[in-house]
Amino acid sequence: MPTAIIRRIAICLVIAAPAVVLRITGIELAPVLELLAFGAAIVAAAFLLAWAAEAAQKDISGALAIALLALIAVLPEYAVDLYYAFRSGTDPDYLHFAAANMTGSNRLLLGFGWPLVVIIALLVARRMAKRTKSPIQHSLHIDSGSRMDIGFLVILGVIAFAIPLLGSIPIWFGSALVLIFVAYLWRAGQAAGDDEEEFVGAAALIVAMPQKARRITVVTMFVVSAAIILLSAEPFAEALVASGSALGIDSYFLVQWLAPLASEAPEFIIAAMFALRGMGGAAIGTLIASKVNQWSLLVGSLPIAHFAGGGGLGLPLDGRQIEEFTLTATQTLLGVAIILALRFHWAPALGLAALFGVQFFVTDTSGRYVLSAIQAVLAIVFLILHRSDILPTLAAPFRRPQRSDDGADPAEAADPEREPPVTMSADPKSTGTRA
């Protein structure tokens, strides 16, 4: 095993060790110290999980691999959220935490993750354009293969508005969302191509290992990281609530933002690494797929976990949760309206980030609904601007993948106004190639 990957794995294990010791011995510390220990363990385990999941694509292909990797990759985020939903089945005090992590991680992914990748990718493209004296790109091209993901996200985004209208997430509704996730995985398996994956960072080091050693390493990393996450999820979730009281900070705020920040950090870093390597389309495609997972599997699992924990046939939502879901649903609708044309301009990216930042200063009910209305109006504007892409996007989840002779999406190739995508080689001396 390369020394570089041993060093990275060792650092993660050292960071996670205090939490494992605390959990096994049953030693209790002050809530804030437990929050730091178990939160750090989840972040470290999430990095191990992300590296292993990416490297596993070297040896596994097809729909089964997509299903397994999708379920494994979301474990850090889901472990904490589902714990609150399960606990709310017997303790009503946890009801308002049950969906807090979901709405926070969902908005963090779109409001921070998407703009981060776009800005990094365009800055890299601008630097390459200056070196090669080529035209400067002002928008990031999204791979045509992501149109199916965007189509599913449009459908899920519209369905999401039923949640605040119902005032709860019924178990039948959650089950339907889980079935949509299964359908998404099946379609993703059909659309999966035979293109060689490109790996970066720790995953690239693992992929370079001999086959037997690589597989043993990947499986071991999966098992160890999953064990750390499962050991840390419950005490981390409890420490979040207790720390809020100890520090005089709204516990809901910590649950909604601190937990998602810990679980999403590895995904953001990996996506940023892809963008730095000139693979912005692949990076944003990964984050779009994560949004599909959140709106289908995560939301759908919440009422099921609530019921399994002794609750009723639906996860009830209070007024705050209804506001949060409305705000999250309108943000999702705005996000997909912006990228319908498979282009992500820097100006809308900064706009999404600005709207995301504003919500931290808008803490009252009327303010949240005003912000939701602003996002909805902007979404309608972008839908009008991209109206020719609405039907192809909605049809993508139900249409068998068809490629033209040169490998381009036929609908995309037929559009004379579409900006030709530019991809950049990882080699800084490369002048770039037309995709």
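Everything discussed here concerns the structure shown above.
Residues numbered from 1 in each chain as written. Predicted model: local features only at pLDDT ≥ 70, side-chain atom pairs only at ≥ 80, totals over all residues. Heavy atoms only, no water.

## What about the nonpolar core?
The test is simple: We define the nonpolar core as a collection of buried residues of types Ala, Val, Leu, Ile, Met, Phe, Trp, Tyr and Cys that are connected through side-chain atoms lying within 4.5 Å of one another. Each residue is placed in one exposure class: buried if its accessible area under a 1.4 Å probe, protein chains only, is under 20% of its type's maximum, exposed if it is over 50%, and partly exposed if it falls in between. Starting at the N terminus, helices and strands are each numbered in turn, a helix being any DSSP run of H or I of at least four residues and a strand any DSSP run of E of at least two. By definition in these notes, contact holds between two residues if any of their heavy atoms fall within 4.5 Å.
One finds Trp51, Tyr84, Trp114, Ile169, Trp295 and Phe344 to be the most contacted residues of the largest nonpolar core, which totals 126 residues. The biggest single contributor to this core is helix 2 (residues 31–56), with 16 residues. Once you skip the residues sitting within four places of it in the chain, Trp114 turns out to touch Leu109, Leu153, Ile284, Leu287, Ile288, Lys291, Gly335, Ile339 and Phe344.

## Digging into the packing of aromatic side chains
So the rule is basically this: Between the rings of Phe, Tyr and Trp (Trp by its six-membered ring), a pair exists once the centres lie within 6.5 Å; its type follows the angle of the planes, with under 30 degrees stacked, over 60 edge-to-face, and the other angles tilted.
What the rule picks out here adds up to 13 aromatic pairs. Considering the side-chain rings of Trp172 and Phe173, the 5.8 Å spacing of their centres and the 80° angle between planes classify their relative orientation as edge-to-face. Since its relative accessible area comes to 57%, Trp172 is described here as exposed. Look at Trp257 and Phe356: their rings are 5.6 Å apart centre to centre, the planes differ by 75°, and that puts the pair in the edge-to-face class. With a gap of 99 residues between them, Trp257 in helix 12 (residues 251–276) and Phe356 in helix 15 (residues 346–358) connect regions that are remote in the sequence. Look at Trp257 and you get buried, because its relative accessible area is 10%. Pairwise contacts between aromatic rings join Tyr83, Tyr84, Tyr94 and Phe97 into one cluster.

## Some details on unusual backbone geometry
You will see that Leu342, though not glycine, has its phi angle at about 60°, which is positive. Here Leu342 shows up in the loop between helix 14 (319–339) and strand 4 (343–345).

## Topic: empty space enclosed by the protein
Heads up, the rule is: Residues are said to line a cavity or pocket when one of their atoms sits within 4 Å of a point; the points come from a 1 Å grid over protein atoms alone, cavities being sets where a 1.4 Å probe fits but cannot get out and pockets being open sets with protein on both sides within 12 Å along at least five of seven lines. Grid points are joined across faces, edges and corners, and a volume is the space filled by probe spheres set on the points. For this classification, Asp, Glu, Lys and Arg are treated as charged, while Ala, Val, Leu, Ile, Met, Phe, Trp, Tyr, Cys and Pro are nonpolar and the rest, including Gly, are polar.
In total, this model carries one cavity of 30 Å³ or more according to the counting rule given. Size it by volume and the largest cavity reaches roughly 30 Å³. Lining the largest cavity, in full, are Leu156, Ile159, Ala160, Ile163, Phe173, Leu177, Trp295 and Val299. Breaking the lining of the largest cavity down by element, the ones donating at least two residues are helix 7 (147–160), helix 9 (171–191) and helix 13 (280–308). Broken down by element, the lining of the largest cavity gets its largest block of residues, three residues, from helix 7. Its residues assigned to classes, the lining of the largest cavity shows eight nonpolar, no polar and no charged.

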